[in-house]
Amino acid sequence: MAHHAFRMPVTEAQARELRVNDTVTLEGTLFGIRDATLIAMFAKGRTTRFDMKGHAVIHTAPNVRKVPASPAHPTGYEPVCVGTTTSARMERFTAPLMEREGVRLVIGKGGLAAGSAQAFNRLGGAYLAIIGGTAALETTWIEAIEDVDLDDLNPESLWQFRVRGFGPLLVAMDSHGASLYEEVDRKARARRENTLARLGVK
Amino acid sequence: MKVDTKQVEEVARELYVRALKILPPDIKEGFARLAATETDATAKSVLGTMVANIRVAEETENLLCQDTGIPIYNVTIGRGVEVDGAALQRAIRRGCERATREHPLRSSVVHPITRRNEHTSCGPGVPPIHFEFSDEPDRLVIQMIPKGSGSENNSWLRMAIPAEGVDAIKTFVVDCVLDAGGKTCPPTIVGVGVGGTSDLCVSLAKRAATRALGTSCPDPEGAALERSLTEAVNTLGVGPQGLGGDSTAFAVHVEVAATHITMNPVAVNMQCHSARRASAALTPSGVEYGF
């Protein structure tokens, strides 16, 4: 259970070093992306001017405040509350994000499924679990909204955050085929019969 | 008591922001209870982060969770309360819009077909505003619940049949908890509706999921069912965030309604660990905020 402090972006070799139960802290650039952004990019043919090669994306749509553009808030957006949404809805976009945009790390909550696990294995990537519903804490790790693209989709724009000490995040799916979610689900389903027996279900 | 709808608008605005920032004391106690008995190391750490977040939200006066949810308002009208119902509804809606613009909050509400976001947290039929009546004199209570989508996306209805008995209800609840896994942001309050029509059954499940911890179903059979289900779902090992552990649910809450001789409906709706709610009581002596 190693700890990795990554200054973004990372290489394939760095992503493949990660093993489930390791922890990761990110420094530098982090991209925020979610349902509408991914649908626009991979189902409606939209493209982004951002170079996401080797980067991490987080499944999010932040609460922001419009402010005059300044060095602290170059986009005119001040982060108010930045947190993480349920990843499962974005399952089908993991492989295309990695293939087309070169993304290496996906940060989310609740986990991804077998298709993403295969993409992490084939292309060299990992899923980093953040604790969902802890956005006030997460916001303290965000330094600024550095840039924004596809902002007609606001709040589901493609956000470029600058982060400091973002984490610790838990490696929950790695490039070696391991997934904590799959393991917990398998064990929980094995307990189902016993649980139903406790309830007197015949 | 005559209700001033201008005051209702202010209260509706304030309630949305309060609900997003201050977690009710019963939920905080729920965390303390789970943390004291949790045996899994990862789960202990996850619960610790959740508790730390509650503290940071209070210290920084920030939102507990970025998901501003679908805003829901529950209005309870006491005896002798004089109010223009249509004006009250409009005032609540205006308060909700103002909270979104003035704080500002992320509007999480879109048209279901065009997916257009008006950036007001409002749209056709949203916020839902529910009305009830109580015997309490000169008292109008407005409760606000921002219902997050991680938990709301995991909602189920099963029209079981009488021959399947109460076993169908128990099995369904266990299977819903398994299917939800970490997607609902556990530890959750698992709300179970038993009986009624299909729509009543689902609304009972929502009422159960958003009830304060420590309260129990007014029906004794329902109360017994919620005790046994609470114990049972916490033997599954789903754990906080679906990463394993004992703390899968703060509680299972059950609400019941009579049903048809041919029917045995069961619905499940979950509330995430950020089980937010805020309320305000309007009385002749002023406004009193609570949960």
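A brief report on the enclosed structure follows.

### Concerning the pattern of salt bridges
All names here are of chain B. The tally for this structure, following the rule as stated, stands at 41 salt bridges over all chains. Residue Lys28 pairs with Glu58 through a salt bridge whose shortest N-O separation is 2.5 Å. In this pair, Lys28 sits in helix H2 (residues 25-37) while Glu58 sits in helix H3 (residues 41-60), placing the two residues 30 residues apart along the sequence. Residue Glu58 is classed as partly exposed on the basis of its relative accessible area, which comes to 38%. Here the salt bridges do not stand alone but share partners, grouping Lys6, Glu9, Glu10, Arg13, Arg94, Arg98 and Glu102 into one network.

### Looking at the nonpolar core
By size, the foremost hydrophobic cluster in this structure holds 78 residues, and its most contacted members are Leu26, Met52, Leu105, Ile107, Tyr127, Leu128 and Phe166 of chain A. If you tally residues by element for this core, the top one is strand E9 (residues 158-173) of chain A, at 10 residues. Residues Ala12, Leu88, Leu140 and Ala278 of chain B belong to the second largest nonpolar core, which totals 32 residues.

### What to know about the packing of aromatic side chains
Residues and elements named next belong to chain A. Under the counting rule described, the total for this entry stands at 6 aromatic pairs over all chains. Ring geometry for Tyr127 against Tyr181: centres 5.8 Å apart, planes inclined by 75 degrees, an arrangement best described as edge-to-face. Remark: Tyr181 occurs in helix H6 (residues 180-190) and Tyr127 occurs in strand E7 (residues 126-129); sequence separation between them is 54 residues. Residue Tyr181 is classed as buried on the basis of its relative accessible area, which comes to 9%.

### Description of the side chain of Glu91 of chain A
All names here are of chain A. By the secondary structure assignment, Glu91 is in the loop between strand E5 (77-81) and helix H3 (94-101). One buried charged residue, Glu91, remains without a salt bridge, the closest side chain of opposite sign being Arg92 at 9.9 Å. At a separation of 2.7 Å, a polar atom in the side chain of Glu91 contacts the main-chain amide nitrogen of Ala113. In terms of polar contacts, Glu91 uses its side chain to reach the backbone amide nitrogen of Gly115, at 3.3 Å. Sequence-distant contacts of Glu91, that is, excluding residues within four places in its chain, are made with Leu112, Ala113, Ala114, Gly115 and Ser116.

### Side note on the interface of chain A and chain B
Facing the 46 residues of chain A at the interface are 46 residues of chain B. Taking both sides of the interface into account, the surface hidden between chain A and chain B amounts to around 3600 Å²; carbon and sulfur atoms contribute 59%. Inspection of the chain A/chain B interface yields 3 salt bridges. For the salt bridge of Glu231 of chain B with Arg198 of chain A, the shortest nitrogen-to-oxygen distance reads 2.4 Å. If you look at where chain A meets chain B, you find 22 residue pairs in polar contact (both at pLDDT 80 or more). For the side of chain A that touches chain B, the secondary-structure elements that each account for two or more residues are strand E4 (63-66), E5, helix H5 (135-139), E9, H6 and helix H7 (192-198) of chain A.

### Thoughts on the environment of Ala178 of chain A
All names here are of chain A. With respect to the element layout, Ala178 can be found in the loop between E9 and H6. When the C-alpha atoms of Ala178 and Glu27 are compared, they prove to be 25 Å apart, with 151 residues separating the residues in sequence. Here Ala178 is in contact with Val20, Ala172 and Met173, once residues within four sequence places are set aside.

Analysis parameters
- Residues numbered from 1 in each chain as written.
- Chains lettered and ligands numbered in written order.
- Predicted model: local features only at pLDDT ≥ 70, side-chain atom pairs only at ≥ 80, totals over all residues.
- Heavy atoms only, no water.
- Salt bridge = Lys/Arg side-chain N within 4 Å of Asp/Glu carboxyl O.
- Helix = DSSP H or I, 4+ residues; strand = E, 2+ residues; numbered from the N terminus.
- Buried < 20%, exposed > 50% of the residue type's maximum accessible area, 1.4 Å probe, protein only.
- Core = buried A, V, L, I, M, F, W, Y, C linked by side-chain atoms within 4.5 Å.
- Phe/Tyr/Trp six-rings, centres within 6.5 Å; stacked < 30°, edge-to-face > 60°.
- Lys, Arg positive; Asp, Glu negative; His and termini not counted.
- Polar contact = N/O pair within 3.5 Å; in protein donor to acceptor, adjacent residues only side chain to side chain.
- Contact = heavy atoms within 4.5 Å.
- Buried area = accessible area lost by both parts, 1.4 Å probe.

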